[in-house]
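What the coordinates show
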Amino acid sequence: MIERLRGATTATVAGVAAGWLALALLVWAYGEAPAAIAGQLLSGTWGMPYGIGQVLYKATPLLLTGVAVELALRAGLFNIGAEGQLAVAGLAVATLGAHLPRGTPAWLALPAVLAIAPLAGAAWAVVPAILRARFGAHEVISTIMMNRIADAAVGLALARGLAIPGTVRTPDVVPGARLPRLEALGLTSLHGSAVSFALPLAVVVAALAAVWLARSRVGREVVLVGLSPTACAAERIPVARRLAAALVLSGAVAGLAAVAPVLGYKGYFESGLGAGAGFGGIAVALLGRGHPVGLVLSALLFGTLEQGGLVINARVPMEVTTVLQGVIIVAVALADARVRAALLGRGRAR
Amino acid sequence: MSFLAAVLSATMLAQTLRMAVPYVCAGLGGVWSERSGVVNIALEGILLAGGLAGVVAHVATGSAWTGVAAGAIVGAAIGALHAVIVVRGRVDAIVSGLAVNLAAAGGTRFLLRTLYDSSSNSPPVEGFRVAGLGGGSGVALLARTALDPLTLATAALVAGTAWTMLRTRFGLRVRACGEEPAAAAAVGVDVPRVRLAAVSLGGAICGLGGVALAYDQHQFQSGMSGGRGFIALAAVVLSGWRPGRAAAACVAFAALDAVQIVVQDQARAAGYAAQMLPYLAALVALWVIARRRGQGAIAGRPPAALGKAID
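Here the structure is a predicted model, which means the values were calculated and not measured.

A few points about the overall build of chain B
- Helices and strands together make up the secondary structure of chain B, namely 13 helices and zero strands.
- Against the globule reference of 19 Å for 311 residues, chain B gives a C-alpha radius of gyration of 19 Å, in line with a compact fold.
- Summarising its shape, the C-alpha atoms of chain B cover approximately 60 × 50 × 35 Å along the three principal directions.
- Counting only residues that meet the buried cut, chain B has 54% of its 311 residues in that class.

Here it is as structure tokens:
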């Protein structure tokens with residue numbers, strides 16, 4: 001436990017330090033004062049209620065895609081396909097939500113749209129899951145292919161009748177299918193920001209996923225398969241089925257991430273809505289280190305970066321924050337590897 | 001003009017060749033990297049960074065050849081970075097590759113805005129002009145593409161990679177590091193160094209592909225790699241990590257792209273469906289090959305130590 005905490009601290013310190021350093025260098029290279037830009041980034045995000053609300057809004061899909069990637073990662077699989085799973089689910093949610101009868105009450109409409117999101121995401125993960133579990137084809141390549149196919153398929157579906165003619169967006173969902181914003185709770189200070197009830201939903205899903213992995217039989221077998229498929233096969237655990245289950249479930253959670261922008265913010269789907277959250281989820285999962293609290297914290301970090309990029313965009317190109325994501329991922333992974341090597345070294349008593 | 005005639009025309013051949021150059025370069029980069037044991041999904045980012053480096057150097061010096069050199073150097077540098085992170089830092093190669101891709105996507109946009117005050121594209125560049133071959137006919141386009149220095153260089157690189165990989169001492173060492181790093185180390189091969197060299201060499205070739213991509217459009221556009229690095233990687237896997245076949249698979253994917261261009265001229269509506277074509281094809285091919293490999297029907301397996309850290 002202590003060692004795990006120490007590892008987490010080392011990695012966090014490394015990530016934050018490398019992130020700041022990279023930010024300072026890039027801002028300086030652009031000809032602005034690093035300290036001033038960093039100050040602006042912080043005050044525009046955590047320094048004001050609207051900024052906090054926006055960070056939470058950006059963190060919501062990231063947390064869900066982070067959980068999605070984590071679920072697959074536990075089985076030893078890389079789900080690079082969250083991006084496509086999210087896009088397909090977003091289109092499905094918005095289409096169903098718009099075609100419900102106009103006066104559908106929320107108690108009927110919400111469960112329906114909330115159910116279709118994970119279903120669509122899971123459906124999009126089925127092909128890579130079968131290819132991997134049944135035929136051993138590498139899931140990284142197949143999920144990347146599915147992302148590109150999703151791009152084209154969503155574009156095709158929008159062009160062929162799901163979008164309002166002449167646009168790339170679907171019609172509005174019925175009012176009953178909207179997720180209320182958090183300001184409805186009386187948090188008036190969040191006024192205007194897009195954070196919705198998708199956030200508590202995401203936190204609950206993160207907790208449920210952790211419980212499922214730790215307590216359920218299938219979940220524990222998924223983790224064991226990730227640790228050693230050969231040992232599991234010897235113990236007659238159905239390895240292929242557990243791998244497929246992990247990847248399909250991962251797709252379902254990634255699909256659910258579409259709910260935040262579609263039902264909690266826009267009320268419709270347009271091409272590109274939610275894009276980037278799928279890849280962001282990989283970063284969140286890597287930094288989250290297999291713990292739901294870690295996932296929440298790293299989703300907040302990347303949500304801050306995303307919103308912060310918008311805040312500083314007038315003075316420094318917001319793309320610096322994308323570069324920062326890459327730098328932070330590498331720094332944390334490097335620190336992690338060092339800690340792991342040190343622990344192993346002690347274990348082997350070299 | 002019927003669909004069949006369009007697909008069998010000189011234009012189609014020319015478009016295939018044109019689209020093939022970046023794919024083949026990225027594919028060769030993937031072969032070098034993965035045969036040495038380092039998984040490389042960073043090809044996508046290297047295409048982008050190499051392309052921008054080529055255009056920046058071309059704009060700055062006015063020489064297309066300087067751009068080619070810059071693209072190769074930046075490609076090699078990023079390859080080396082990826083290799084150092086993975087081999088020395090013992091970071092999972094997928095993680096490092098993702099981070100490289102993120103940094104390249106953001107970094108190229110950042111540089112575009114810093115240098116040219118635009119986040120979408122660079123100023124126009126001349127690229128290579130083959131003298132005396134103007135005109136818009138399919139045959140003229142074919143001749144121009146076939147005689148483009150980067151097309152010729154790519155063809156030479158395919159042959160060079162196959163020969164170096166299979167017939168030289170360096171190639172043998174690279175393969176040994178990918179198959180049995182422990183055995184290679186035992187006979188005195190410096191495994192980390194060989195891997196670093198192989199991934200850097202692959203990065204340089206992939207960077208050339210980025211330059212070809214940008215010169216073809218006569219400018220750099222942000223995100224212009226458009227998934228080609230990933231497709232090339234799929235081609236490497238499908239080919240069983242063999243250079244000649246990987247190049248052939250890349251040309252096949254380029255042909256699907258060319259169909260897309262030719263079809264788009266005929267019917268716009270078919271554009272989206274055609275856009276899916278290379279990826280669907282890759283998925284189906286992946287399935288067929290995985291199945292047949294599983295039955296032991298065909299040769300061509302991943303390098304035994306692919307993706308494994310060395311102790």
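Still more to cover.
So, the overall build of chain A
- The secondary structure content of chain A amounts to 14 helices and zero strands.
- Sequence-ordered secondary structure for chain A, helices as α and strands as β, is α-α-α-α-α-α-α-α-α-α-α-α-α-α.
- Here the C-alpha atoms of chain A give a radius of gyration of 21 Å, agreeing with the 20 Å that 2.2 N^0.38 yields for 350 residues.
- Taking the principal axes of its C-alpha atoms as reference, chain A extends roughly 70 × 60 × 35 Å.
- Per-residue burial for chain A yields a buried fraction of 57% across its 350 residues.
- Pairs at least 24 apart in sequence give 77% of the contacts found in chain A among residues at least 6 apart.

What about the environment of Ser33 of chain B?
- Note that Ser33 of chain B resides in helix 2 (residues 10–35).
- Residue classification places Ser33 of chain B among the buried residues on the basis of 36 C-beta atoms within 10 Å.

Observations concerning the interface of chain A and chain B
- The partner chain B presents 40 residues to the 38 residues of chain A that form the contact.
- Across the side of chain A that touches chain B, the residue classes break down as 29 nonpolar, seven polar and two charged.

Quick look at the packing of helix 5 (residues 106–135) of chain A against helix 6 (residues 139–162) of chain A
Residues and elements named next belong to chain A.
- As a packed pair, helix 5 and helix 6 sit with axes 9 Å apart at the nearest point and diverge in direction by 155°. Considering the angle they form, helix 5 stands roughly antiparallel to helix 6. Seen along the crossing, helix 5 lies across helix 6 with a hand that is right-handed. Contacts between helix 5 and helix 6 involve Trp124, Val127, Pro128, Leu131 and Arg132 from the first element and Glu139, Ser142, Thr143, Met146 and Ala150 from the second.
- Of the residues that constitute the contact of helix 5 with helix 6, the class distribution is six nonpolar, two polar and two charged.

Details of the environment of Val113 of chain A
Residues and elements named next belong to chain A.
- Tracing the chain through its elements places Val113 in helix 5.
- Looking at Val113, the number of C-beta atoms within 10 Å reads 26, which means it is buried.
- For the pair Val113 and Leu96, spaced 17 residues apart in sequence, the C-alpha separation works out to 6.6 Å.

Some remarks on the packing of helix 2 of chain B against helix 11 (residues 228–238) of chain B
Residue and element names in this part refer to chain B.
- Across the interface, helix 2 lies against helix 11 with an axial gap of 8 Å and an inter-helix angle of 55°. Taken together, helix 2 and helix 11 sit at an angle that is classed as oblique. Crossing angle aside, the handedness with which helix 2 passes helix 11 is right-handed. Where helix 2 approaches helix 11, its residues Pro22, Tyr23, Ala26, Gly27, Gly30, Val31 and Glu34 are matched on the opposing element by Arg228, Gly229, Ile231, Ala232, Leu233, Ala235 and Val236.
- Partitioned by chemical class, the residues of the contact of helix 2 with helix 11 number nine nonpolar, three polar and two charged.

Quick word on the nonpolar core
- Judged by nonpolar contacts, the single largest core of 233 residues is most densely connected at Leu63, Val93, Val253 and Val259 of chain A together with Ala234 and Cys250 of chain B.
- A total of 16 residues in this core trace back to one element, the largest contributor, which is helix 10 (residues 191–217) of chain B.
- Once you skip the residues sitting within four places of it in the chain, Ala234 of chain B turns out to touch Ile141 and Met145 of chain A together with Ala282 and Leu286 of chain B.

With respect to the environment of Val211 of chain A
All names here are of chain A.
- The topology assignment puts Val211 in helix 7 (residues 198–215).
- For Val211, a count of 12 C-beta atoms within 10 Å gives the class exposed.
- Between the C-alpha atoms of Val211 and Pro292, which are 81 residues apart in sequence, the distance is 9.6 Å.

Some words on unusual backbone geometry
All names here are of chain B.
- One non-glycine residue, Asp117, adopts positive backbone phi at about 60°.
- In this fold, Asp117 is placed in the loop between helix 5 (93–116) and helix 6 (138–147).
- Taking the C-beta count within 10 Å as the criterion, Asp117 has 7 such neighbours and is therefore assigned exposed.
- At His218, a position not held by glycine, the phi torsion is positive, near 60°.
- Note on placement: His218 falls in the loop between helix 10 and helix 11.

Focus: helix 7 of chain A
All names here are of chain A.
- A rise of 1.5 Å per residue sets the reference length of helix 7, with its 18 residues, at 26 Å; its end C-alpha atoms lie 25 Å apart and thus fit the reference within 8%.
- Ala198, Leu199, Ala202, Val205, Ala206, Ala209 and Leu213 are the residues of helix 7 that are buried. For helix 7, the arc enclosing every buried residue in end-on projection is 115°, short of the 170-degree limit, so these residues lie on one face. The outward face of helix 7, more than 90 degrees from its buried face, is lined by the exposed residues Pro200, Val204, Val211, Ala214 and Arg215.
- Elements in contact with the buried residues of helix 7: helix 3 (49–74), helix 8 (217–227), helix 10 (239–256), helix 11 (259–266) and helix 13 (292–312).

Quick word on the confidence of the model for chain B
- Scored by pLDDT, chain B has a mean of 89; 91% of the residues are at 70 or more.
- Here the predicted complex scores 0.90 on pTM and 0.88 on ipTM.

Cut-offs used in this document
What you see as residue numbers is a count from 1 along each chain, following the sequence as written. All chains are assigned letters beginning with A, and all ligands numbers beginning with 1, in the order in which they are written. Where totals are concerned, whole chains, interfaces and linings use all residues; where local detail is concerned, this predicted model gives features only for residues with pLDDT of at least 70, and gives and counts side-chain atom pairs only at 80 or more. What counts as a helix is a DSSP run of H or I of at least four residues, what counts as a strand is a run of E of at least two, and both are numbered from the N terminus. The atom set for the radius of gyration is the C-alpha atoms, and the globule formula is 2.2 Å times the number of residues raised to the power 0.38. Once C-beta atoms are placed from the backbone, each residue is buried if 20 or more other C-beta atoms lie within 10 Å of its own, exposed if 12 or fewer, and partly exposed for counts between those two. Here, residue contact means that the backbone-derived C-beta atoms of the two residues sit within 7 Å. Throughout, the ten residues Ala, Val, Leu, Ile, Met, Phe, Trp, Tyr, Cys and Pro are labelled nonpolar, Asp, Glu, Lys and Arg are labelled charged, and all others, Gly among them, are labelled polar. For helices, the fitted line uses only the C-alpha atoms of the stretch in contact; every axis is such a line through C-alpha atoms, and the angle between N-to-C directions lies from 0 to 180 degrees. Any angle from 65 to 115 degrees is called roughly perpendicular, while one under 35 is roughly parallel, one over 145 is roughly antiparallel, and all others are oblique. Working rule for handedness: look at the near helix, and if it is turned counterclockwise from the far one by less than a right angle, call the crossing left-handed; if clockwise, right-handed. The term nonpolar core refers to a set of buried Ala, Val, Leu, Ile, Met, Phe, Trp, Tyr and Cys residues connected through C-beta atoms within 7 Å. One fewer than the residue count of a helix, multiplied by 1.5 Å, yields its expected span. Comment: arc refers to directions from the helix axis out to C-beta atoms. Per residue, pLDDT measures the predictor's confidence, with a range of 0 to 100.

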